[in-house]
4 protein chains.
Amino acid sequence: MVKVGIVGGTGYTGVELLRLLAAHPQVELRAITSRADAGMPVSQMFPSLRGHVDLNFSHPDEAGLDKCDVVFFATPNGIAMQQTRALLDAGVKVIDLAADFRIKDIPEWEKWYGMTHACPDLVAEAIYGLPEVNRAQIKNARLVANPGCYPTAVQLGFIPLLEAGVIEEGSLIADSKSGVSGAGRKAEVHSLFSEASDNFKAYGVAGHRHLPEIKQGLANVSGHPVGLTFVPHLTPLIRGIHATLYGRLKKDVDLQALYEQRYAKEAFVDVLPAGGMPETRSVRGSNICRIAVHRPQGGDTVVVLSVIDNLVKGAAGQAVQNMNIMFGLPEAAGIGMIPLLP
Amino acid sequence: MVKVGIVGGTGYTGVELLRLLAAHPQVELRAITSRADAGMPVSQMFPSLRGHVDLNFSHPDEAGLDKCDVVFFATPNGIAMQQTRALLDAGVKVIDLAADFRIKDIPEWEKWYGMTHACPDLVAEAIYGLPEVNRAQIKNARLVANPGCYPTAVQLGFIPLLEAGVIEEGSLIADSKSGVSGAGRKAEVHSLFSEASDNFKAYGVAGHRHLPEIKQGLANVSGHPVGLTFVPHLTPLIRGIHATLYGRLKKDVDLQALYEQRYAKEAFVDVLPAGGMPETRSVRGSNICRIAVHRPQGGDTVVVLSVIDNLVKGAAGQAVQNMNIMFGLPEAAGIGMIPLLP
Amino acid sequence: MVKVGIVGGTGYTGVELLRLLAAHPQVELRAITSRADAGMPVSQMFPSLRGHVDLNFSHPDEAGLDKCDVVFFATPNGIAMQQTRALLDAGVKVIDLAADFRIKDIPEWEKWYGMTHACPDLVAEAIYGLPEVNRAQIKNARLVANPGCYPTAVQLGFIPLLEAGVIEEGSLIADSKSGVSGAGRKAEVHSLFSEASDNFKAYGVAGHRHLPEIKQGLANVSGHPVGLTFVPHLTPLIRGIHATLYGRLKKDVDLQALYEQRYAKEAFVDVLPAGGMPETRSVRGSNICRIAVHRPQGGDTVVVLSVIDNLVKGAAGQAVQNMNIMFGLPEAAGIGMIPLLP
Amino acid sequence: MVKVGIVGGTGYTGVELLRLLAAHPQVELRAITSRADAGMPVSQMFPSLRGHVDLNFSHPDEAGLDKCDVVFFATPNGIAMQQTRALLDAGVKVIDLAADFRIKDIPEWEKWYGMTHACPDLVAEAIYGLPEVNRAQIKNARLVANPGCYPTAVQLGFIPLLEAGVIEEGSLIADSKSGVSGAGRKAEVHSLFSEASDNFKAYGVAGHRHLPEIKQGLANVSGHPVGLTFVPHLTPLIRGIHATLYGRLKKDVDLQALYEQRYAKEAFVDVLPAGGMPETRSVRGSNICRIAVHRPQGGDTVVVLSVIDNLVKGAAGQAVQNMNIMFGLPEAAGIGMIPLLP
């Protein structure tokens, strides 16, 4: 049994980690911390976990995280970088669901996140936890930077095209739509039901923190820098990201075959049959990314549709997938749930 | 392995049965029928099942249902009663998720359902599949009438009060609210998104088919006929029933203890701590009924709050629970999923 | 033209007042205050008002409220009672949309609202602004206490029965459901989209601040104290309240005629034909209360269904209706909008 | 008073026309037809209109449409073309909210709509009712083809760029999202609440009927054919379209000034201040199109955000705007409503 601790368990990625880990056959949940709610039973805050999670939230100092095999950080940005070194030194592996270790270019990170990085050397060591690209390195990693939700959906959608070198790399467009849980369980006016329901809007058009993360990832698979216009939107779902990706074809290629071959061995990427259009609900509650590729009217614009559950493949599920890889467990252990539809 | 067939798999109870049975460790899914869609892969209609269900819909005549150990009917009312005798004669057990075998009083059934019953003798034999009341008989049943969604939530809420004889039986009120999936996957104007979203309404105030079912069940546990005002409402959720139940106390009693004791051994009924108020999302996708009991301002009106997922404990999950009991499997096999929250 | 000021314009009742008053043919909007946002154009916070409202939020001290004919308080509880006397002394009429002047019993108010009342004498003077009951007094009032949202829907539903003395007054039940905008534009976790969407729950079962307000109002029309069980619920709508009311008939009566006669002259109460079931969306954005009365199975339980838009007839619209009455304008001036459906 | 008839009043554009026309100060509603529901009071089907519309649905043959000044067709495609000539011959003006007269290229129309056109000569005569482009011709038109919902949002967004000749015309992208009311009040499974709620998906990627309409309109303002990739999506709103438009800049230009100048005199197009991001709810229930223009990271990709209410500026409101122009009324008569927010 892998002994697991979670830092910061009161947000949506925290409760989702709990849902997955509580049912994981090879995991022993040891501690979940919350400074503000220490002592409160987890199932009091999240009644959905009654009967499944008996832990109380514990104070970080008393959680015994250094006795765990792995610690997940489900914290706001800037927390994990303060605590990771001590855990690594104690022999504990770390998976950070926040952004502290995602961007290799430290000044770029500091610009977008507005703080000084506490441990650039660990950024250098950290492996970007997108298994479909970095599985081998994740296997041996002490520290995994779990990808953001938009970056997961957008990268998985563009990767086959960029690896094959069939689209112009300088003019990619990622028109992305996210459910409201992506904004977290923070009390903010713009996330209120009465603001976000029955409404659709773009946000962050001038620049979103996931932009440099996506560009870094796409440049890695492409071998060249990429130009990307990334427009995120808020749509009235709880869970789900739908990325609609546009690229200009440089050469003719069997797009359907390209995608099917690229992901043939991936348990968590499902390429739909030609003509398919994935719905976000078709992955609700599951770790699957479903993708379809189109070439409307046979023109030179390729359109890729990519959907994930932002809390699962876009956060907690992918984190568990990374844990499974790091500990030599079956990659799908504990994350093989069938999506909830309707 | 229990060999399972499903008749009528294209509605919401059908796809939910598939979600549960495909992951059930002791079930082998043999056939799922649909006259209209015979030949189509199930996962084409329900992409959420891609990779989990490889069956095609089959024509009822070619499905080999008589080779199954148990057949679930997820059909409109009036179908199961036509086909059940042949299956029973072939040694196949039957669980009907529709209403054909729920009401013992045949003329009453015929009045509410507007058809002549095809097999009154089988109604007499059928066991009403509410395990919290009829577990022993279900164990030996050939034919189980799976309860309706409202009746499950309302009965589980009233049972402790009626068994204990502490409320006036003649003036019960069940103010019930259902998500829209309760109306099924039928193309009807009143179930359209643009009709049902951002809207709340009562319906069936003059009389709803679940009224006689609930009254029959409550009379059974009470030992006397009951008077019940049942007002169903449509609320813009996909899944979930919330029953708010009102009764007038005849004697003083420790209500909290009454409920906790009644359901102490029930895996799928969770009595919240005193003062609790269950949310429908706290059972979303799970087989749990969560209940809280209140006595506002210490008056003589008791208020019970009871929530279920109408497609799980209110339909497919309870049907699997009944199957588990009928076949001597652990009662929670395949239906122990943690609710999906948020 | 009536010169109007609004104190506290950044919440939902504030923006709704602006929507109504900006289009009111006999109103001149003079000032809208917000301490926190003084200087900001109103239409920057609420882009829906671009082109319709040119005011900036002003600091309360600089708003010139004492030059207005009437001031609306769209503030949290406890603000209006601090400022009303000075305005009245300056000859300004006041309509308070909060609860400061609703409850005549000061200790009762102080118990429920948790503060000491600043001006009990003004509570004695204030007229409870339910035009269907108090139209004559409103006409001459300097100070109107605008009713709460639940109290409006519940009182209008029960009034005909209580005035006619045909139900038992000691055992009334009001099972009420509100959209999320009723919780206001406050950043609170329980009002987040990801918490309130696709979810239904009861709250405040042990006691809700609208309970004493409703009981006071019903006692007034009844002539006796009433016993009331009031259970509010949160339903995933933006706007709308649906009250399902239960009472026990003491005598036989033509309920449909009773309701139609009681409200025959009321412009903003619409009694549906027999058998009707009002939907919240049928009053969305309008000042109408729609009511239907039922007697299921001809029993002795009467069921009344009453719907309003909580922000209009339950708040801003009723406030404008009161203003119209106070200033001798046509009662429907500026609030005759047709509901928005779908 | 303009005497108005409506053909086909049981859909969402029909009820929206009724909402607008019933409150229009210079309109007399004479008839609204429905073959299936002749004789039924309009307010029975749409209780939101109780007290505002006293008409019954009438049979088309008995509606006296030839006595009207103008007839609106709110019918499925293919109906208006059968009846328009007789009305025009009788001196009645016609505004078709369906697609019968939108596409000038008859074979193209017949390909996309799958039927033979009944009156190509009237297509030639019809004026495309986008007032911001064709106001002068609309003024004198007998027959107006009211634009589609997507085409309105997309064209208004692209027009300034194309008229100014500042973007590459061959590679336009319109990533468009629509609320579910765009699918009409038809009983279809994919529009059910339980299918469309909490879900996001693309559809019609291979080709959507609005594609040729948009391309025709953009070619007209551009003076050249345009290349357009149009991807519509379904988002869980009732009302609203959000078009996110992408183009590649050919020359440097002050985009903000370009948009502000183009629409300076337009009452129903609102260009947001620089950096703005319009929300669909900011136009809910109103005839406004709100637009913002962005140039992320100062690159050569321009991003335009354009929102409308699909039932108002995208259908019924624009139709009334056209009527106002055709009859010399103030262009904003009856359609100056403030959006409903929240």
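Residues numbered from 1 in each chain as written. Chains lettered and ligands numbered in written order. Predicted model: local features only at pLDDT ≥ 70, side-chain atom pairs only at ≥ 80, totals over all residues. Heavy atoms only, no water.

**Quick notes on the overall build of chain A**
Link 1 in the chain: Assigned secondary structure in chain A consists of 11 helices and 14 strands.
Link 2 in the chain: At 19 Å, chain A has a C-alpha radius of gyration in line with the 20 Å of a compact globule built from 342 residues.
Link 3 in the chain: A total of 342 residues make up chain A; the buried ones form 66% of that total.
Link 4 in the chain: Partitioning the intrachain contacts of chain A with sequence separation of at least 6 by distance along the chain shows that 70% fall at a separation of at least 24.
Link 5 in the chain: If you sum the accessible surface of chain A, you get close to 10,600 Å²; carbon and sulfur atoms cover 50% of it.
Link 6 in the chain: Placing the 31 positive and 34 negative side-chain charges of chain A at their respective mean positions leaves the two points 2 Å apart. (Helix = DSSP H or I, 4+ residues; strand = E, 2+ residues; numbered from the N terminus. Rg over C-alpha atoms; globule rule 2.2 N^0.38 Å. Buried < 20%, exposed > 50% of the residue type's maximum accessible area, 1.4 Å probe, protein only. Contact = heavy atoms within 4.5 Å. Areas by Shrake-Rupley, 256 points an atom, 1.4 Å probe, with all protein chains shown as cover. Lys, Arg positive; Asp, Glu negative; His and termini not counted. Charge placed at Lys NZ, Arg CZ, Asp CG, Glu CD.)

**Observations concerning the relation of the copies chain C and chain D**
Link 1 in the chain: Under the fitted operation, chain C is carried onto chain D by 0.0 Å of movement along the axis and a turn of 180°, and the coordinates agree to an RMSD of 0.0 Å. Seen this way, the second copy is the image of the first under a two-fold rotation axis.
Link 2 in the chain: With an isologous cut-off of 70% or more, the 100% of interface residues of chain C that recur at the interface of chain D puts this contact in the isologous class. (Least-squares fit on C-alpha atoms with pLDDT ≥ 70 in both.)

**Looking at the relation of the copies chain D and chain A**
Link 1 in the chain: Screw-axis analysis of chain D against chain A gives a translation of 0.0 Å along the axis, an RMSD of 0.0 Å, and a rotation angle of 180°.
Link 2 in the chain: When the interface residues of chain D are mapped onto chain A, 100% of them again fall at the interface, so both copies present the same face.

**A word on the domain arrangement of chain A**
All names here are of chain A.
Link 1 in the chain: Examined at the domain level, chain A breaks down into domain 1 (2–125) and domain 2 (149–310).
Link 2 in the chain: Domain 1 and domain 2 are separated by 27 Å when their C-alpha centres are compared.
Link 3 in the chain: Between domain 1 and domain 2, the residue contacts involve 15 residues of the former and 13 residues of the latter.
Link 4 in the chain: Carbon and sulfur atoms make up 53% of the area that domain 1 and domain 2 hide from each other, which totals about 1,200 Å².
Link 5 in the chain: On the domain 1 side of the contact with domain 2, Y12, R102 and W112 bury the most area, a combined 49% of that side's loss. (Domains from an automatic or database assignment. Buried area = accessible area lost by both parts, 1.4 Å probe.)

**Observations concerning the pairing of strand β11 (residues 241–248) of chain A**
Residues and elements named next belong to chain A.
Link 1 in the chain: Counting buried residues along β11, eight of its eight residues qualify, which places the element largely inside the surrounding structure.
Link 2 in the chain: Judged by which residues are buried, β11 turns out to be covered on both faces: I241, A243, L245 and G247 on one side and H242, T244, Y246 and R248 on the other are all buried.
Link 3 in the chain: Where strand β8 (residues 172–178) and β11 come together, six bridges link them in antiparallel fashion. Looking at the pairing, A174 lines up with L245 of β11.
Link 4 in the chain: Bridge count for β11 against strand β14 (residues 301–308) is eight bridges, and the pairing is antiparallel. The residue bridging R248 from the neighbouring strand is T301, located in β14. (Pairing = 2+ DSSP bridges.)

**Structural notes on helix α6 (residues 131–139) of chain D**
Since one α-helical turn is 3.6 residues long, residues separated by three or four positions face the same way.
Residues and elements named next belong to chain D.
Link 1 in the chain: Within the sequence span of α6, burial applies to P131, E132, N134 and I138. Down the axis of α6, the buried set is contained in an arc of 130°. They therefore lie on one face.
Link 2 in the chain: Where α6 is buried, its residues touch β6 (127–128), β7 (143–145), α7 (149–164), α10 (255–262), β12 (269–271) and α11 (312–326). (Arc of directions from axis to C-beta.)

**Regarding the packing of helix α7 (residues 149–164) of chain C against helix α9 (residues 210–222) of chain C**
All names here are of chain C.
Link 1 in the chain: At a minimum axis separation of 9 Å, α7 and α9 run at an interaxial angle of 25°. On the basis of their axis angle, the class for α7 and α9 is roughly parallel. The handedness of the crossing between α7 and α9 comes out as right-handed. On α9, the residues touching C149, Y150, P151, V154, Q155, F158, I159, L162 and E163 of α7 are H210, E213, I214, G217, L218, V221 and S222.
Link 2 in the chain: Counted by class, the contact of α7 with α9 contains 10 nonpolar, four polar and two charged residues. (Axes fitted to C-alpha atoms, helices over the stretch in contact; angles between N-to-C directions. Parallel < 35°, antiparallel > 145°, perpendicular 65-115°, else oblique. Left-handed = near helix turned anticlockwise from the far one by under 90°. Nonpolar A, V, L, I, M, F, W, Y, C, P; charged D, E, K, R; others polar.)

**Let's talk about the pairing of strand β10 (residues 228–234) of chain D**
Residue and element names in this part refer to chain D.
Link 1 in the chain: Counting buried residues in β10 gives seven out of seven residues, a clear majority hidden from the surface.
Link 2 in the chain: Residues L228, F230, P232 and L234 point to one face of β10 and T229, V231 and H233 to the other, with burial holding for every one of them.
Link 3 in the chain: By the bridge criterion, seven bridges tie strand β8 (residues 172–178) to β10 in an arrangement that is parallel. Within β10, the position partnered with I173 by the bridge is T229.
Link 4 in the chain: As defined by bridge partners, strand β9 (residues 201–202) adjoins β10 across two bridges and the pair is classed as antiparallel. Bridge pairing links K201 to L234 in β10.

**A few points about the interface of chain D and chain A**
Link 1 in the chain: On the side of chain A, 45 residues touch chain D, which itself brings 45 residues to the contact.
Link 2 in the chain: Across the chain D to chain A interface the summed buried area is about 3,600 Å²; carbon plus sulfur atoms make up 53%.
Link 3 in the chain: Among the residues chain D hides against chain A, the three largest losses belong to D:D198, D:F200 and D:V205. Together they make up 17% of the total.
Link 4 in the chain: Salt-bridge contacts for A:D198 lead to D:R284; the nearest nitrogen and oxygen are separated by 3.1 Å.
Link 5 in the chain: Linking chain D to chain A there are 27 residue pairs in polar contact (both at pLDDT 80 or more).
Link 6 in the chain: Elements with a contribution of two residues or more to the side of chain D that touches chain A: β8, α8 (193–196), β9, β10, β11 (241–248) and β14 (301–308) of chain D.
Link 7 in the chain: Taken together, the residues of the side of chain D that touches chain A sort by class into 19 nonpolar, 15 polar and 11 charged. (Salt bridge = Lys/Arg side-chain N within 4 Å of Asp/Glu carboxyl O. Polar contact = N/O pair within 3.5 Å; in protein donor to acceptor, adjacent residues only side chain to side chain.)

**A look at the side chain of A:Q216**
Link 1 in the chain: Within the element layout of this structure, A:Q216 appears in helix α9 (residues 210–222).
Link 2 in the chain: When neighbours within four sequence positions are excluded, A:Q216 is seen to be in contact with A:R102, A:I103, A:K104 and A:D105.

**Section: the pattern of salt bridges**
Side chains that differ in sign of charge can pair as their charged atoms come close.
Link 1 in the chain: If you walk through the whole model with that rule in mind, you get 88 salt bridges over all chains.
Link 2 in the chain: A salt bridge links A:R135 to A:E331, with the shortest nitrogen-to-oxygen separation between them at 2.8 Å. Here the residue A:R135 occupies a position in helix α6 (residues 131–139), and A:E331 occupies one in the segment after α11 (312–326), the gap between them amounting to 196 residues.
Link 3 in the chain: The exposure class assigned to A:R135 is partly exposed, which follows from its relative accessible area of 27%.
Link 4 in the chain: One salt bridge connects D:K3 with D:D69, and the closest N-O pair in it is separated by 3.9 Å. Of the two residues, D:K3 sits in strand β1 (residues 2–7) while D:D69 sits in the loop between β3 (57–58) and β4 (70–73), which places them 66 residues apart along the sequence.
Link 5 in the chain: The partly exposed category is assigned to D:K3, whose relative accessible area is 25%.
Link 6 in the chain: Among the charged side chains, a network of salt bridges with common partners joins A:E16, A:R19, A:R239 and A:D309.

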